[in-house]
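# Remarks on the overall topology
What follows is the residue order along each chain.
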Amino acid sequence: MRNVLVEHFRGYIFAIAATAAALWVRTLLDPVLQERLPFGVFYLSVIISAWLGGTHAAAVAMVLGTLAAAHFIIPPASSLWITEPADWVSLLIYAIVGCVTIVTFEKTRCDQRKAEQRSTENQALTETLKKSDLQKDEYLALLAHELRNPLAPIATSVDLMARCRDDGRRFDALRRAVQRQLSQLVRIVDDLLDVSRYLQGKMRLVRDPFDFREAIGAAVEMLQPQIDEREHDVRLLIPDEPIGVNGDRVRLVQVVSNLLSNSAKYTPRRGRICIDLRTENGFAILAVSDNGVGIAEGDRARIFEAFAQVDSSHTRDHGGLGLGLALVRQLCELHDGTVDAISRGPGKGSRFEVRLPLVELPTPSVRVVKSRELVDLASISVMIVDDNRDAAETLSMLLTFEGMKITVAYDGPMAIDLLRRQKPQFILLDIGLPGMDGYEVARRIRADQRQDGVKIIALTGWGGPEDRRRSKEAGFDDHVVKPVDPSSLVALLRDVQPQSA
Ligand code: ADP
């Protein structure tokens, strides 16, 4: 308590001590100064008090200095009266200089406080930046790890394929392994792009009323290898009548497959997974439940955040980048729906429930589908333009196998030169070409009347809405994102071919 009081009055104690010291010095100087400069040394006491004790102490020192000078130095002695005009002038100068001193010290102190505050804020900011930098590094390490995972078996398989060319069965198993790992790689990249698209508000849905049961069927089929590999028992409780939702079919397959893939991943071998679809109060409700590792109450909300994982340690059992559930939630919200996680705790399984508004399905119209087999692939001619020679050559090989006539160009000028002598039906044109980019090549082809009717398809790694808009503007007919599934590409060429032939 005493210390607090001393602390509180320290400034005033400084002021009294400084004024007393100044008075003592002034008395010593009396024989020399006599009645001249009555306030001279008291300036020093004001400065010292302002410096050590602050504004209030300096003000007190100034008042005490005035009283001391009036009482002890300015005649008449032992009285506070000031009669001489010269002494009044000295007092005025003393008051002005004292006030300026006080204001200057106060301003300096204020600037110092602000600088200290800024420095504390900067320190906090630096800490936050350091933390997020560390998180970014950790995430990059995780990403590298997840990308390396499928790359290692691909590299080994390709090496082995060269050695067992004559062993058909083994060759086929290796090819299937490469295919599986590649789709894993594509999924990682797609998830990253999807999350970034959503965060930038660029995710667009192509919504149509369709039977939600189809999305579930497609997701189960897609994940069957993963389910079989972990020997899970999957039970489907799906109604016999259609369940109509207004949605983007591809995106809703992604929602169901992410939930199912998680159940398969976070449930120990030979676990039980149940997919249950029902309707309630105008909503389609899909529940994917498992008897796996479960979720702690504290993690239930967090797992839907992008990049969040309950276990992101090096020793974790499962791969993944913490994007799947974030995408599920984002896609459900874009479909005017919701997703929830329910679990009785660690080790007690989990249940993920998706709710989507129900819609009436239109009566199916009869469509005459022309058999694809009737289309003669040998009548299709294609030019491939890609500066990545391996990509161009392998695609050329694939389409040649299908019987098509292929020409390859490795840059824009080469493609334009070749087009002077031939007229393919399709041009599969990469956009990121050196020198002249794909947009420019497409524009030049469109300006050439000899190439009227040619279908230009962008085959590119750039798949955002802005890229699609630009390619349309440049004259492309279609926009396909790499890596393209070979059978889809062949199907695309087949589908468009009859009109262009
Ligand atoms: P990832 O699986 O790549 O880590 P997700 O976004 O799909 O990312 O899932 C986030 C986290 O939620 C997972 O790391 C896991 O801890 C938890 N999780 C998801 N699904 C399940 C499930 N069926 N059972 C238990 N935990 C789950």
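What counts, and where the lines are drawn
- Residues numbered from 1 in each chain as written.
- Predicted model: local features only at pLDDT ≥ 70, side-chain atom pairs only at ≥ 80, totals over all residues.
- Heavy atoms only, no water.
- Pairing = 2+ DSSP bridges.
- Helix = DSSP H or I, 4+ residues; strand = E, 2+ residues; numbered from the N terminus.
- Axes fitted to C-alpha atoms, helices over the stretch in contact; angles between N-to-C directions.
- Contact = heavy atoms within 4.5 Å.
- UniProt positions renumbered as here; feature names shortened; annotations may be inferred.
- Buried < 20%, exposed > 50% of the residue type's maximum accessible area, 1.4 Å probe, protein only.
- Parallel < 35°, antiparallel > 145°, perpendicular 65-115°, else oblique.
- Nonpolar A, V, L, I, M, F, W, Y, C, P; charged D, E, K, R; others polar.
- Near = heavy atom within 4 Å.
- Polar contact = N/O pair within 3.5 Å; in protein donor to acceptor, adjacent residues only side chain to side chain.
- Areas by Shrake-Rupley, 256 points an atom, 1.4 Å probe, with all protein chains shown as cover.

### Focus on the sheet that holds strand 11 (residues 455–460)
The pairing of strands in a sheet comes from backbone hydrogen bonds and takes either a parallel or an antiparallel form. Taken in spatial order, the five strands line up as 9-8-10-11-12 in an open sheet, and their pairing is parallel. A single partner strand is all that each edge strand has here, and the edge strands are strand 9 (405–409) and strand 12 (478–481). In this sheet, neighbouring strand axes are inclined to one another by 20° on average, regardless of whether the strands run parallel or antiparallel. By the bridge criterion, four bridges tie strand 8 (residues 381–385) to strand 10 (residues 426–429) in an arrangement that is parallel. Bridge pairing in strand 10 links Val 385 to Leu 429. In this fold helix 10 (residues 412–419) packs onto strand 8, strand 9 and strand 10, with an angle of close to 135° to the strand it touches most, strand 9.

### Thoughts on the UniProt feature "modified residue: 4-aspartylphosphate" (unreviewed entry) in the protein chain
UniProt marks Asp 430 with the feature "modified residue: 4-aspartylphosphate" (unreviewed entry), using the numbering shown here. For Asp 430, a relative accessible area of 6% corresponds to the buried category. Here Asp 430 is in contact with Val 385, Asp 386, Asp 387, Gly 438, Leu 459, Thr 460 and Lys 482, once residues within four sequence places are set aside.

### Thoughts on the packing of helix 11 (residues 438–447) against helix 12 (residues 465–474)
Interaxial distance between helix 11 and helix 12 falls to 8 Å at its minimum, and their mutual angle equals 25°. With respect to helix 12, the axis of helix 11 lies roughly parallel. Taking contact as the criterion, the partners of Tyr 439, Ala 442, Arg 443 and Arg 446 in helix 11 are, on helix 12, Asp 467, Arg 470, Ser 471 and Ala 474. The residue makeup of the contact of helix 11 with helix 12, split by class, is three nonpolar, one polar and four charged.

### What about the sheet that holds strand 5 (residues 283–290)?
As summarised here, the arrangement of the five strands in space is 2-4-5-7-6, forming an open sheet in which the pairing is mixed. Among the strands making up the open sheet, the edge pair consists of strand 2 (233–237) and strand 6 (338–343). Each strand of the sheet is rotated relative to its neighbour by a mean of 15°, with strand direction disregarded. Here eight bridges tie strand 4 (residues 272–280) to strand 5, and the two strands are oriented antiparallel to one another. Counterpart to Thr 279 in the pairing with strand 5 is Ala 284. The strands touched by helix 8 (residues 324–334) within the sheet are strand 6 and strand 7 (350–357), with strand 6 carrying the most contacts at an inclination of about 135°.

### Quick look at the site of the ligand
Taken together, 20 residues lie near the ligand, and Asn 262, Lys 265, Tyr 266, Gln 309 and Leu 325 sit nearest. Here Tyr 266 contributes a side-chain N or O atom positioned 2.7 Å from an oxygen atom of the ligand. Gly 322 is positioned such that a nitrogen or oxygen atom in its backbone is 2.9 Å from an oxygen atom of the ligand. Protein coverage of the free-state accessible area of the ligand, which is 530 Å², stands at 95%. Elements supplying a minimum of two residues to the shell around the ligand: helix 7 (249–265), helix 8 and strand 7. Examining the composition of the shell around the ligand, we find that three residues originate from one element, helix 7, more than from any other. Split by residue class, the shell around the ligand holds 10 nonpolar, eight polar and two charged.

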